[in-house]
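Listed below, chain by chain, are the residues.
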Amino acid sequence: MINVTKTFLPDLEEYIKTIKRAWDKAWITNNGELVQELESKLREYLGVKHLLYTSNGTIVLQMALKAYNITKEVITTPFSYVATTNAIIWEGCKPVFVDINSRNFCIDAAKIEAAITEDTQAILATHVYGYPCDIEKIESIAAKYNLKVIYDGAHAFGCRYMGKSLLSYGDISTCSFHATKLFHTVEGGCIITHDDVVANRLMLYRQFGHINDDYYTVGLNAKNSEFHAAMGLCVLPHIHEIIQARKDIVEFYDKKLACLKLQRPSEHGELLYNYSYYPVAFDSEETLIRTRKALEAEQINTRRYFYPSLNNLNYLSYQPAPVSEDLSKRVLCLPLFFDLSQDQADRIASIILRAQNK
Ligand SMILES: *Cc1c(COP(=O)(O)O)cnc(C)c1O
């Protein structure tokens, strides 16, 4: 069987050697040595001032909204993982969906202004598959209407845009280090900001709102453990080879599938991409289902990522987003991971090619 993703695991001896540092001290959580070391290495790798390592990439979206006291309307994208929308609702805010553009499948910045009301407080947008949102345009709209910009950068680790990490933009950027993501710590995530005051607030939120006997604010538990940080410390040194291996597979798919002229999100000239996903949009949902079945028959798993379009969630009142609704019915992510062999990629592409001619 070939799965759509496969987790990169470091050498087991290396992991044991790393975890032994925490084991020997019997200090396995609560801002331990390995968590601190991972944070400082991530800050250095990403070139950012403040980065907090957390338990996952969902709680950081909630912390971001809380840090700016966002309680009303949040402009967001309907084409993302459900966690993006859920965080907004969970924090008691209203998601206002602005449709996506068909060029890179991110929020269509040209449509944001029309969705702004007196209650709009923030824009929460996703760099889908690691492709950057229209950062310049979003920044200027945010400045004009005094809105906070939060980027869900769950897919953006390793992407560089205009010479900087894609995770360094916005008032706050978040990332997920879940086992299915490009860089992972089993479970995990992080939150990034340039603002010293906000960084301090986020630090407190992560640990129940207090430091020792001093209680400053309401908080929650978003800490992560030494076992998780140890995984991150063992995976991070391999990040360049992980990205390079994925790039080779992506280029192979591109070549093999070129004749189908499948719709794909396009790269921005200023982007150094991380090759985190390989989405293709077929001409119709019918073609997608037929192709997916053909792959399943050969034990190859794909993922309808993202489906459904989040404006169609049954616990929300409907807001139209025709581009996202159409794309989400036609998009399929193909298997892409570190050690997917060229033979396997060749087999996958051949099955897809055959399924189109029916
Ligand atoms: C994976 C993902 C999340 C959630 O991250 P977790 O670490 O699984 O909580 C949020 N947003 C997007 C776009 C994601 O892909």
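The coordinates are above.
Each value, and the rule that gives it
- Residue numbers here run from 1 along each chain, matching the order of that chain's written sequence.
- Only residues with pLDDT of at least 70 are given local features in this predicted model, and only at 80 or more are side-chain atom pairs given and counted; all residues enter the totals for whole chains, interfaces and linings.
- To get the side-chain values, take all heavy atoms of the structure and skip hydrogens and water.
- Residues are called lining when one of their atoms sits within 4 Å of a cavity or pocket point, these points coming from a 1 Å grid over the protein atoms alone, where a cavity is a set in which a 1.4 Å probe fits but cannot get out and a pocket is an open set with protein on both sides within 12 Å along at least five of seven lines.
- Grid points are joined across faces, edges and corners, and a volume is the space filled by probe spheres set on the points.
- Throughout, the ten residues Ala, Val, Leu, Ile, Met, Phe, Trp, Tyr, Cys and Pro are labelled nonpolar, Asp, Glu, Lys and Arg are labelled charged, and all others, Gly among them, are labelled polar.
- Domain delimitation follows an automatic or database domain assignment.
- Only when DSSP finds a minimum of two bridges between them are two strands counted as paired.
- Strands here mean DSSP runs of E at least two residues long; helices mean DSSP runs of H or I at least four residues long; both are numbered from the N terminus.
- Every angle, taken between N-to-C directions, lies between 0 and 180 degrees, and every axis is a line fitted to C-alpha atoms, over only the stretch in contact when it is a helix.
- The cutoff for a nearby residue is simple: one of its non-hydrogen atoms must lie within 4 Å of the molecule or strand.
- Polar contacts, as used here, are pairs of N or O atoms within 3.5 Å; protein pairs need one atom able to donate a hydrogen and one able to accept it. Residues neighboring in sequence count only if both atoms are side-chain atoms.
- Surface accessibility in these figures is a Shrake-Rupley result with a 1.4 Å probe; residues are shielded only by whichever protein chains are displayed.
- Just a note on the criterion: a molecule sits in a pocket or cavity if more than half of its atoms are within 2 Å of the grid points.
- One fewer than the residue count of a helix, multiplied by 1.5 Å, yields its expected span.
- Only protein chains enter the calculation, and the probe is 1.4 Å; a residue is then buried if its accessible area is under 20% of its type maximum, exposed if over 50%, and partly exposed in between.
- By definition, the arc is the one covered by directions from the helix axis to the C-beta atoms.
- Contacts are residue-level and defined by heavy atoms, with any inter-residue pair within 4.5 Å sufficient.

K.L.:
How should I be thinking about empty space enclosed by the protein in this particular structure?
P.N.:
Leftover empty space is mapped by rolling, across the atoms, a probe with the size of a water molecule. Summed over the entire model, instances satisfying the criterion amount to 3 cavities of 30 Å³ or more. Taken as a whole, the largest cavity encloses approximately 90 Å³ of empty space. What lines the largest cavity is a set of 14 residues, and nearest its centre among them are Lys6, Thr7, Phe8, Lys181 and Arg246. Within the lining of the largest cavity, the residues separate by chemical class into 7 nonpolar, 4 polar and 3 charged. Of the residues that make up the lining of the largest cavity, three or more belong to each of domain 1 (12-237) and domain 2 (238-356). Looking at the second largest cavity, its volume works out to about 60 Å³. Split by residue class, the lining of the second largest cavity holds 2 nonpolar, 3 polar and 2 charged.

K.L.:
Can you walk me through the sheet that holds strand β8 (residues 172-176) in this structure?
P.N.:
Think of a sheet as strands paired side by side through backbone hydrogen bonds, with each pair either parallel or antiparallel. If you trace the 7 strands from one edge of the open sheet to the other, you get β1-β9-β8-β5-β4-β2-β3, paired in mixed fashion. Each of the sheet's edge strands pairs with one partner strand only, and the pair in question is β1 (50-54) and β3 (94-97). Shown here is a sheet whose adjacent strand axes are inclined to one another by a mean of 20°, direction ignored. By the bridge criterion, 4 bridges tie strand β2 (residues 73-76) to β3 in an arrangement that is parallel. Counterpart to Glu73 in the pairing with β3 is Lys94.

K.L.:
Mind showing me how you'd approach the site of the ligand here?
P.N.:
Around the ligand lies a shell of 16 residues, among which Thr58, Asp152, His155, Ser176 and Lys181 are the nearest. Asp152 is positioned such that a nitrogen or oxygen atom in its side chain is 2.7 Å from a nitrogen atom of the ligand. The side chain of Lys181 places a nitrogen or oxygen atom 3.2 Å from an oxygen atom of the ligand. Burial of the ligand by the protein chains amounts to 93% of its free accessible area of 380 Å². Its atoms largely coinciding with the cavity grid, the ligand occupies the largest pocket. Looking at side-chain class alone, the shell around the ligand contains 4 nonpolar, 10 polar and 2 charged residues.

K.L.:
Please clarify how helix α9 (residues 285-296) should be interpreted in this entry.
P.N.:
Structural remark: α-helix, 3.6 residues per turn; residues separated by three or four positions point the same way. The terminal C-alpha atoms of α9, which comprises 12 residues, lie 16 Å apart, in line with the 16 Å expected from a rise of 1.5 Å per residue. Within α9, burial applies to Thr287, Leu288, Thr291, Ala294 and Leu295. The arc that holds the buried residues of α9, viewed along the axis, is 130°, so those residues lie on one side. In α9, those exposed residues whose orientation departs by more than 90 degrees from the buried face are Glu286 and Lys293. Buried residues along α9 sit in contact with α10 (322-330), β14 (331-333) and α11 (342-356).

Remember, this is a structural readout, not a statement about activity or role.
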